[in-house]
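# Tertiary structure, described
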Amino acid sequence: MNKESPLVATRAALYLRVSTARQAEHDVSLPDQRKQGEAYCEARGYQLVETFVEPGNTATNDRRPEFQRMIEAGTSKPAPFDVVLVHSFSRFFRDAFDMEYYYRKLAKNGVRLISITQELGDDPIHDMMRRIMALFDEYQSKENAKHVMRALKENARQGFWNGALPPIGYRIVAAEQRGAKTKKKLEIDPLHADTVRLIYRLALQGEGGSGPMGVKAIVNHLNRNRIFTRDGGRWGIGQLHRILTRRTYIGEHEFNKRSKSKELKPVSEIVVVPVPRLIDQETFDAVQEHLRVRNSRVTPPRVVSGPTLLTGICYCEKCGGAMTIRTGKGGRYRYYTCSIKARQGETGCSGRSIPMPQLDAIVCDHIENRLLQPERLEEILASILDRREERAERRREHIAELNRRAAETELRLKRLYEAIESGVADLNDPALKERVVALRALRDQAQVDSERAQAMLESSGSMAVTPVVLRKFAATARRRLRQDGGGYRRDHLRAFAQRVEVGEGHVRIMGSKGELLRALTSVSSGKSAGIGVPTLGLKWRKGWDSNPRWACTHGGFQDRCLKPLGHPSPPMRRCARPCSQTRRALQVYCARTVQPPFARGVLSGRCEVVGVVVRAPCRAL
């Protein structure tokens, strides 16, 4: 009877649950739970007021719509029912802590939880028994999960697909039959494989002469050109970033990589499933490096918009530590100093300090006078241009294959049409209709991919690197490298130099051929040659701290401001007489010598090039 109204029958709510959608569709568990619950209510005179059915949700957590609806109703005042009936406590929860939490939450509102097959009383001993049963239910759930995962991992080791939606560019096919089970694998989907290849090509080469494109730019390009996803929707940044970072496309699908909470699992728990390769390893690695460089977490904002020309790319050759800025004479002089030496002294590193204007001038002068020469550019880019020609040739072969596929599909359609006209095939046959639709889709997709590949080939051919283009690029880059009012443009310099190492007698400038080619195409098309990380326009409070509630306590800060790049500094005092180290350095030249020493105090007049790695002359302090 109802506690509040003894003459009114106890109101009951029935909660039914199975773990998977397959059980909900093909199993008899839900009908059996319902039948037993209704019989239990009838035998005890309960009034069944509502039934909550959870078809295919785990009981290890509370992320269940019907469960939450039941809890919300059971904790409301007044509650619409007096008891909640479940077939067993495992239907309610398989987590001991959450089981006890929600049991007490319902009891606080006067609603009891009753198990049809595990009837317990309200005394302390039965309360302890309920908790022990909850612990056993949780243990059984974890044991089942462990055995299921072991079977899934073994299935993945054998190269079979465990289920779920395959990555875009692949489709699931039956591989073999083992008893009543059909083992499945992944194969390349010809309808969407070219879309994945296009995404990687845009990430590395861009469209025409635009240079490599970022994730957001690729998303805009695909949506603008009506290249939709597999489901016919529009692309998003997260979805496209997963395509660019997924190792499945190089033939290594990683199974069991993340837990249910999306946390990465240890490498020992990950199983690599071999699948057909869609992207070659070299292209994938180049894209990962490109994403790493563009990542704002790797390239901090201070590197992009700070006041120092070589911030983030200048390092000490001896210890590999970053070169940081140190000032002297109240900020009148600024030096690049090894950060290890600045923190630990000579015991940490014996690297040197160089005045900032001097090192900036050395690096920029060498890039202007040595690197940005048409002959030198042609020599450096020779190998990468050869690879571009090879890719163009492969693209022509791919276009021919697409045209051949479209022609064959068109021929098959004509044969089907002829068979229909002659009465051999029945037009009302469902299988025939599906076949015609599939052939039309395959033909149309092949034609679209062929036209897109042809457009890409023509646009890349229009940006052929000729001597005239190299001379124009060199002149434009040298002009843009320097600012109108003095100093240098940092974003353009970083397009040519990604790392500067300072040694005792030389400075080594290193860069990427791919970045150099991207800068060439960008500058030639009238765009910026920057590194592609968004800049930040910092607006400082003059004379005050960034927090307006507190005044700046440092008096010198109120009238001090950072000097712009290339600000005039007092002339550097040269050595009147070279030291012994300087004389030894002057006697060492490599096979490629730029020029003899041109002034006293020059540490080295050598210039060695390895790829895009150059050594520039460095003046003595």
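These figures come from a predicted structure and were not determined experimentally.

### Digging into the overall build of the protein chain
Scanning the protein chain from N- to C-terminus turns up 20 helices and 15 strands. When burial is assessed residue by residue, the protein chain has 39% of its 621 residues classed as buried. Total accessible area on the protein chain stands at roughly 34,900 Å², and carbon and sulfur atoms take up 53% of it.

### A closer look at the confidence of the model for the protein chain
Low pLDDT means the predicted coordinates in that region are not meant to be read closely. When the pLDDT values of the protein chain are averaged, the result is 76; 74% of them are 70 or greater. The secondary-structure element of the protein chain with the lowest mean pLDDT is helix H20 (residues 580–586), recorded at 40, while strand S3 (residues 83–86) shows the highest, at 93. Predicted confidence is poor over residues 528–621, with pLDDT under 50, and the contacts of this stretch with residues over four places away or in other chains come to 161 contacts.

### Regarding the packing of aromatic side chains
For the structure on display, the rule yields 12 aromatic pairs. Aromatic ring contacts, followed pair by pair, group Tyr15, Phe67, Phe92, Phe93, Tyr101 and Tyr102 into a single cluster. Directly above the aromatic system of tyrosine 103 lies the positively charged group of arginine 130, at a separation of 3.7 Å from the ring centroid. Positioned above the aromatic ring of phenylalanine 160 is the side chain of lysine 183, whose terminal nitrogen or guanidinium carbon lies 5.7 Å from the ring centre.

### Considering the state of the cysteines
Within the structure shown, the criterion is met by 0 disulfides. With no disulfide of its own, cysteine 349 lies closest to cysteine 319 among cysteine sulfurs, the gap being 3.5 Å. Residue classification places cysteine 349 among the buried residues on the basis of a relative accessible area of 5%.

### A few points about unusual backbone geometry
Omega for the peptide link from lysine 77 to proline 78 comes to -5°, which places this bond in the cis form. Examined against the element boundaries, proline 78 turns out to sit in the loop between helix H3 (65–74) and S3. One non-glycine residue with positive phi stands out, namely arginine 226, at about 60°. Position of arginine 226 among the secondary structure elements: in the loop between helix H8 (215–224) and helix H9 (237–245).

### A few points about the sheet that holds strand S1 (residues 11–18)
Read from one edge to the other, the open sheet built from 4 strands follows the order S2-S1-S3-S4, with strand pairing classed as parallel. The outermost strands of the open sheet, each flanked by one partner alone, are strand S2 (47–55) and strand S4 (112–115). Direction aside, neighbouring strands of the sheet carry axes that sit 25° apart on average.

### Structural notes on the pattern of salt bridges
Going through the model one piece at a time under the given rule, you end up with 28 salt bridges. Two residues, arginine 171 and glutamate 187, come together in a salt bridge whose shortest N-O distance is 2.6 Å. Here arginine 171 is found in strand S5 (residues 170–178), whereas its partner glutamate 187 is found in strand S6 (residues 181–188), with 16 residues between them in sequence. Residue lysine 318 pairs with glutamate 504 through a salt bridge whose shortest N-O separation is 3.3 Å. A residue pair is termed long-range when its members are at least 10 positions apart, and lysine 318 in the loop between strand S9 (314–316) and strand S10 (323–328) and glutamate 504 in the loop between strand S13 (499–502) and strand S14 (507–510) qualify at 186 residues. According to the relative accessible area criterion, glutamate 504 is partly exposed, its value standing at 25%.

### A closer look at the environment of alanine 175
Tracing the chain through its elements places alanine 175 in strand S5. The partly exposed category is assigned to alanine 175, whose relative accessible area is 38%. For the pair alanine 175 and phenylalanine 160, spaced 15 residues apart in sequence, the C-alpha separation works out to 8.1 Å. When residues no more than four places from it in sequence are discounted, the contact partners of alanine 175 are Phe160, Lys183, Lys184 and Lys185.

Each value, and the rule that gives it
Residues numbered from 1 in each chain as written. Predicted model: local features only at pLDDT ≥ 70, side-chain atom pairs only at ≥ 80, totals over all residues. Heavy atoms only, no water. Helix = DSSP H or I, 4+ residues; strand = E, 2+ residues; numbered from the N terminus. Buried < 20%, exposed > 50% of the residue type's maximum accessible area, 1.4 Å probe, protein only. Areas by Shrake-Rupley, 256 points an atom, 1.4 Å probe, with all protein chains shown as cover. pLDDT = per-residue confidence, 0-100. Contact = heavy atoms within 4.5 Å. Phe/Tyr/Trp six-rings, centres within 6.5 Å; stacked < 30°, edge-to-face > 60°. Lys NZ or Arg CZ within 6 Å of the ring centre and 35° of its normal. Disulfide = S-S within 2.5 Å. Pairing = 2+ DSSP bridges. Axes fitted to C-alpha atoms, helices over the stretch in contact; angles between N-to-C directions. Salt bridge = Lys/Arg side-chain N within 4 Å of Asp/Glu carboxyl O.

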